[in-house]
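Analysis of the macromolecular model
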Amino acid sequence: MEVKYIKAFGTQAAEAPLEQLNINRRKPTPNDVEIEILYCGVCHSDLHTARNEWHGTVYPCVPGHEIVGKIVSVGEHVTKFKAGDLAGVGCMVDSCQECEYCREDLEQYCINVATQTYNSPDKHLNTQTFGGYSESIVVDEKFVLRVPDNLDLAAVAPLLCAGITTYSPLKHWNVGPGQKVGVIGLGGLGHMAVKIAKAMGAEVIVFTTSPSKVEDAKRLGADAVVLSKDADKMQQYAGKLHFILDAVSAEHDINTYLNLLRVDGSLVLVGAPEQPLPIAAFSLIPARRSFSGSMIGGIAETQEMLDFCGKHNIVSDIEMISLQEINNAYDRLLKGDVKYRFVIDMASLKK
Ligand SMILES: [Zn+2]
Ligand SMILES: [Zn+2]
């Protein structure tokens, strides 16, 4: 298969910093779209993978799965896109297309495992896939998203992971008007959950450990903010919430939050704490509560989310960085020192 060498930023080992390197991309096949990457969001998964914290990282590793850019060429069978269109690519670039979940537009749960945008076996080349910290990417049109043209393009990038990761459970559990929805943790995921749940018509209550985030949560649209250490305030919400989205990846007492749910309420994990969470049976049984998890969203749902964000003028709050600042950005990410997503200006790769 013909390939094209392009510039990228990545790492050669778990302990090594990210630096400029060259990778190859396939020349577009008849079903492919070739995208010049303009912006790429920085997700915590990028850091976990670059540093092999989830094990199984193949080097060199080029992270990045919050990709937006402009289409430079399309294959002869492509019908949805043309050169010059804006486009987005999220966490997946392919899947088996045949299993029961792929047929139900749930490619993220593909039985044969969807091809992740980076660090997955590439079906076309004899390498791993390389992500969006790069000049361009070539993707089957089925996994390319249309980007609304009324939004700030750089701030759209984080919608491709943080946006869909929060939109999908809010949609699946039918969040809407007349409901009280809790969001635990105000970071990259949490701040998107607040904006999206609000736009869906729910009353949104943010739970945070940081007094410094109270004003910000309100600015983002929260109707109320509760400091989770304030036991009296927590008690006011006992049995009151219809739904809770838990975006915390640090250790925390899940039972305290389950007790805030009404009968038939659901708490859904999108954050991923390293250690198992102990759940008391009586946090669930007396009110028929559910405890679940959710992972990104399918391609059709991701398109629906982008269209929803276009209609409601929703983007991520971002801090723009150059690729040369990425190692420092990772250090800041570990301290939670970002409001609320770093986005790389890919023009910096041309420096
Ligand atoms: Zn991500
Ligand atoms: Zn499948």
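Structure first, text after, so check above.
Below: a short report on this structure. Given the structure is predicted, the values throughout are model-derived calculations rather than measurements.

Focus: unusual backbone geometry
- Cis rather than trans, the peptide bond between Tyr59 and Pro60 has omega equal to 0°.
- One can find Pro60 in the loop between helix H1 (44–50) and strand S4 (67–74).
- Along the chain, Lys339 connects to Tyr340 via a cis peptide bond; the corresponding omega equals -15°.
- Within the secondary structure, Tyr340 is located in the loop between helix H11 (326–334) and strand S17 (341–345).
- With a phi close to 55°, Asn52 is a non-glycine residue in the positive phi region.
- Structurally, the position occupied by Asn52 is in the loop between H1 and S4.
- A positive phi angle is found at Asn174, which is not glycine, with a value near 55°.
- Position of Asn174 relative to the elements: it lies in the loop between helix H4 (162–172) and strand S10 (180–184).

Focus on empty space enclosed by the protein
- Going through the model one piece at a time under the given rule, you end up with 2 cavities of 30 Å³ or more.
- If you go around the largest cavity, you meet 17 residues; those closest to its centre are Arg26, Val93, Asp122, Thr129 and Val138.
- Only strand S2 (19–26), strand S6 (92–94) and strand S8 (136–140) provide two or more residues apiece to the lining of the largest cavity.
- Here the lining of the largest cavity takes 4 residues from S8, the largest share from any one element.
- Residues of the lining of the largest cavity, tallied by class, amount to 6 nonpolar, 5 polar and 6 charged.
- In this model, the second largest cavity occupies a volume close to 70 Å³.
- Taken together, Gly90, Cys91, Met92, Phe143, Leu145, Leu160, Ile164, Ile296, Gly297, Ile299 and Thr302 make up the full set of residues lining the second largest cavity.
- The residue makeup of the lining of the second largest cavity, split by class, is 8 nonpolar, 3 polar and no charged.

Some remarks on the side chain of His65
- Along the chain, His65 turns up in the loop between H1 and S4.
- For His65, the contacting residues outside a window of four places in its chain are Cys40, Cys43, Ser45, Asp46, Val89, Gly90, Cys91, Thr117, Tyr118, Leu160 and Cys161.

Regarding the sheet that holds S10
- Strand order in the open sheet made by the 6 strands is S12-S11-S10-S13-S14-S15, with parallel pairing throughout. Two strands bound the open sheet, and with one partner strand each, they are strand S12 (224–227) and strand S15 (290–293). Across the sheet, the mean angle from the axis of one strand to that of its neighbour is 20°, orientation sign disregarded.
- Bridge count for strand S11 (residues 203–208) against S12 is 4 bridges, and the pairing is parallel.

A short note on the coordination of the zinc ion (ligand 2)
- Every protein donor of the zinc ion (ligand 2) is listed here as Cys96 (SG), Cys99 (SG), Cys102 (SG) and Cys110 (SG), and their distances to the metal cover 2.3 to 2.4 Å.
- Each of the 4 donor atoms bound to the zinc ion (ligand 2) contributes to angles spanning 104 to 118°, and the resulting shape is tetrahedral.

Rules of the game
Residues numbered from 1 in each chain as written. Chains lettered and ligands numbered in written order. Predicted model: local features only at pLDDT ≥ 70, side-chain atom pairs only at ≥ 80, totals over all residues. Heavy atoms only, no water. Helix = DSSP H or I, 4+ residues; strand = E, 2+ residues; numbered from the N terminus. 1 Å grid on protein atoms, 1.4 Å probe; cavity = no way out; pocket = protein on both sides within 12 Å on 5 of 7 lines; lining within 4 Å. Points joined across faces, edges and corners; volume = space filled by probe spheres on them. Nonpolar A, V, L, I, M, F, W, Y, C, P; charged D, E, K, R; others polar. Contact = heavy atoms within 4.5 Å. Pairing = 2+ DSSP bridges. Axes fitted to C-alpha atoms, helices over the stretch in contact; angles between N-to-C directions. Donors = N, O, S within 2.8 Å, 3.2 Å for Na, K, Ca; no water. Tetrahedral: all angles 85-135°; square planar, octahedral: opposite > 155°, others 65-115°.

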